Structure formats: C-alpha cells, structure tokens
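Architecture and fold: a report
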Amino acid sequence: MDSCIFCKIIKGEIPCNKVYEDEKILAFKDISPEAPVHILIIPKKHIESLSTLEEDDKDVISHIFIKAKEIGEKMGIAQSGYRIVNNCGVDGGQTVSHMHFHILGGRSLQWPPG
Ligand code: 5GP
Ligand code: ZN
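Report follows, based on the coordinates. Note that the coordinates shown come from a computational prediction; the quantities given were computed from them, not determined experimentally. (Residues numbered from 1 in each chain as written. Chains lettered and ligands numbered in written order. Predicted model: local features only at pLDDT ≥ 70, side-chain atom pairs only at ≥ 80, totals over all residues. Heavy atoms only, no water.)

1. What about the sheet that holds strand 3 (residues 37–43)?
Selection rule: Following DSSP output, two strands are said to pair if at least two bridges run between them. In this description a helix means any DSSP run of H or I spanning at least four residues, a strand means any run of E spanning at least two, and both kinds are numbered starting from the N terminus. For helices, the fitted line uses only the C-alpha atoms of the stretch in contact; every axis is such a line through C-alpha atoms, and the angle between N-to-C directions lies from 0 to 180 degrees. Contact definition: two residues touch when any of their heavy atoms are within 4.5 Å.
Read from one edge to the other, the open sheet built from five strands follows the order 1-2-3-5-4, with strand pairing classed as antiparallel. A single partner strand is all that each edge strand has here, and the edge strands are strand 1 (18–21) and strand 4 (82–85). Between one strand axis and the next, the sheet turns through 15° on average, direction left out of account. Pairing of strand 3 with strand 5 (residues 101–105) involves five bridges; the strand directions are antiparallel. Bridge pairing links I39 to I103 in strand 5. Against the sheet, helix 2 (residues 58–74) engages strand 1, strand 2 (25–29), strand 3, strand 4 and strand 5, with an angle of about 155° to strand 3.

Okay, here's the thing in structure tokens:
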C-alpha cells in the first residue's frame, strides 16, 4: 500500500520512535499520545482493519497480544495496568487504515470515555 502512512513507517520512509520490531510486527510510540505510555502495535502485513481480517491472519493477532503483554512489562505499566484499544472503521474512530492496536497506560483511564 504505497499511500499508507503505517506501511511507510514499516519501510523506514517515515521515522518513528520504535519500541519493538520483529519479522511480523512493529511497535512504536504514538505521535500524539493520549496517556503517558501510548504505543501502537501494527502487523507488517497491510491489513486495513479488524473487519478485513482473514483466517490466515490469526497467527499475527495472537503474536500482537503476546508482544503487547511484553511491551507492557518493558514500559513499566504491567503492574498498574493498561488498556488495549482497536478502533475499527468510521464509527469506531479509525483514522489510519492499517490495523493497529493502541496500548495506553501510565494514568487512570476512564471507561466509558467522556
Ligand atoms: P486511530 O485513530 O486510527 O485508531 O489511531 C491512529 C493513531 O495513529 C493516532 O493515535 C495518531 O496519533 C497516530 N499516528 C498518526 N500518524 C502517525 C505517525 O506518523 N506517527 C506516529 N507515531 N503515530 C501516528
Ligand atoms: Zn499499511
């Protein structure tokens, strides 16, 4: 996806503050953090959103969640807790059409949001 901003980050065409990377996924700090810790985890494969996820993608989803747990530990929020968010589609508030999971922590997070 040539025009996808997250694909450009994966390719190194746009810089990011990297937290974790392996052959399947990339995790980096959100450019506009909503909490003291705000990390985005993305698959390297361009998957538009959770609603376009296919059966073959289930391995990368489980991988993302295992690494989210490890990133929570690395960022020092495992004990205090954190929230993982996926915004899907227009009503879900998705603004970047490359599936991603937000890890938010480092402060008390109200739910439901105001
Ligand atoms: P969404 O609203 O789609 O769930 O989340 C997209 C997130 O991507 C937003 O929190 C936004 O701040 C973040 N974002 C958008 N462009 C960039 C960028 O170029 N670099 C980084 N690090 N984050 C970005
Ligand atoms: Zn993409």
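Having seen the model, we can carry on.
2. What about the coordination of the zinc ion (ligand 2)?
For clarity, the threshold we go by: Each metal's donors comprise the N, O and S atoms found within 2.8 Å of it (within 3.2 Å for Na, K or Ca). Water is not part of the atom list, so some coordination spheres may appear incomplete. All geometry calls rest on donor angles, where a four-donor set with angles between 85 and 135 degrees is tetrahedral, four- and six-donor sets with opposite donors more than 155 degrees apart and all others between 65 and 115 are square planar and octahedral, and all else is irregular. The rule is simple: take the accessible area with a 1.4 Å probe, protein chains only, and divide by the maximum for that residue type; under 20% is buried, over 50% is exposed, in between is partly exposed.
For the zinc ion (ligand 2), the full set of protein donor atoms is C4 (SG), C7 (SG), H46 (ND1) and H98 (ND1), at a range of 2.0 to 2.3 Å. Coordination geometry of the zinc ion (ligand 2): the four donor atoms subtend angles of 106 to 116° at the metal centre, consistent with an arrangement described as tetrahedral. Sequence spacing among the residues donating to the zinc ion (ligand 2) works out to C-x2-C-x38-H-x51-H. Taken together, the residues C4 in the segment before helix 1 (5–11) and H46 in the loop between strand 3 and helix 2 connect sequence positions 42 residues apart. We classify C4 as buried; its relative accessible area is 7%. By relative accessible area, H46 is classed as partly exposed at 22%.

By themselves, these are just geometric observations and shouldn't be taken as functional.
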